[in-house]
Amino acid sequence: MSDNLLVRPMTAEDVEEASKIEAMVFSMPWKAEDFAEMIQADYAYYFVAVDNNIVVGIIGLRNLAGEGEITNVAVSPECRRNGIGRKLMKAVLDQAGQLGIKDITLEVRASNEPAISLYTSEGFVTEGVRKGFYEKPVEDALIMWRRG
């Protein structure tokens with residue numbers, strides 16, 4: 001990673017790269033069309049982490065009736081453990097603050113210890129479990145909240 005890492009709003013030019021990162025990271029990834037739809041939605045705020053003009057991470061925030069939902073947290077496998085996930089989280093938490101959103105939720109695979117550690121360090125607490133929520137492989141989802 002270089003010192004040129006930038007987190008900025010996702011644009012239409014980023015959606016193909018965002019979908020490639022999703023495909024590397026998730027067993028049921030979003031497609032470029034899914035991101036294209038979200039960046040047009042007035043309730044959604046999607047960001048990319050860019051290093052030397054290469055998209056290396058993505059994250060989304062949706063404003064659902066005044067509560068926040070964080071979606072699509074993903075960092076390219078070769079770029080992990082460099083603080084990119086934390087910078088992406090800071091971007092959506094800052095966005096949520098600007099929107100007046102105090103309560104924010106997300107879901108995470110129960111086995112995804114690095115992500116759970118990041119979310120916990122940002123004030124998220126597990127408040128529930130969705131049994132068998134994920135597929136490929138089947139796994140529980142932890143429902144985490146950060147309440148304002």
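A brief look at the structure comes next. What you see is a predicted model; the values in this text were computed from it and never measured.

How each quantity is defined
- Residues numbered from 1 in each chain as written.
- Predicted model: local features only at pLDDT ≥ 70, side-chain atom pairs only at ≥ 80, totals over all residues.
- Heavy atoms only, no water.
- Helix = DSSP H or I, 4+ residues; strand = E, 2+ residues; numbered from the N terminus.
- Buried < 20%, exposed > 50% of the residue type's maximum accessible area, 1.4 Å probe, protein only.
- Polar contact = N/O pair within 3.5 Å; in protein donor to acceptor, adjacent residues only side chain to side chain.
- Contact = heavy atoms within 4.5 Å.
- Pairing = 2+ DSSP bridges.
- Axes fitted to C-alpha atoms, helices over the stretch in contact; angles between N-to-C directions.

1. Examining the side chain of Thr 105
Here Thr 105 is to be found in strand E5 (residues 104–109). Residue classification places Thr 105 among the buried residues on the basis of a relative accessible area of 14%. Only 2.9 Å separates the side chain of Thr 105 from the backbone oxygen of Met 144, close enough to count as a polar contact. Not counting residues up to four positions away in its chain, the partners in contact with Thr 105 are Gly 68, Glu 69, Ile 70, Phe 124, Ile 143, Met 144 and Trp 145.

2. Structural notes on the sheet that holds E5
Where strands meet in a sheet, backbone hydrogen bonds hold them as pairs that are either parallel or antiparallel. Ordered by their spatial adjacency, seven strands build an open sheet running E1-E2-E3-E4-E5-E7-E6, and the pairing between neighbours is mixed. Each of the sheet's edge strands pairs with one partner strand only, and the pair in question is strand E1 (6–9) and strand E6 (125–134). Strand-to-strand, the axes of this sheet are offset by a mean angle of 25°, without reference to chain direction. Inspection of the sheet shows E5 paired to strand E7 (residues 139–146) by six bridges, in the antiparallel sense. Of the residues in E7, the one forming a bridge with Ile 104 is Arg 146.

3. Remarks on the environment of Asn 72
Looking at where Asn 72 falls in the secondary structure, it is placed in strand E4 (residues 67–75). Beyond its immediate stretch of four places on either side in the chain, Asn 72 contacts Glu 22, Trp 30, Phe 35, Tyr 46, Ile 58, Ile 59 and Gly 60. Within the structure, the side chain of Asn 72 is placed 3.0 Å from the side chain of Glu 22, a separation counted as a polar contact.

By themselves, these figures tell us nothing about what the structure is for.
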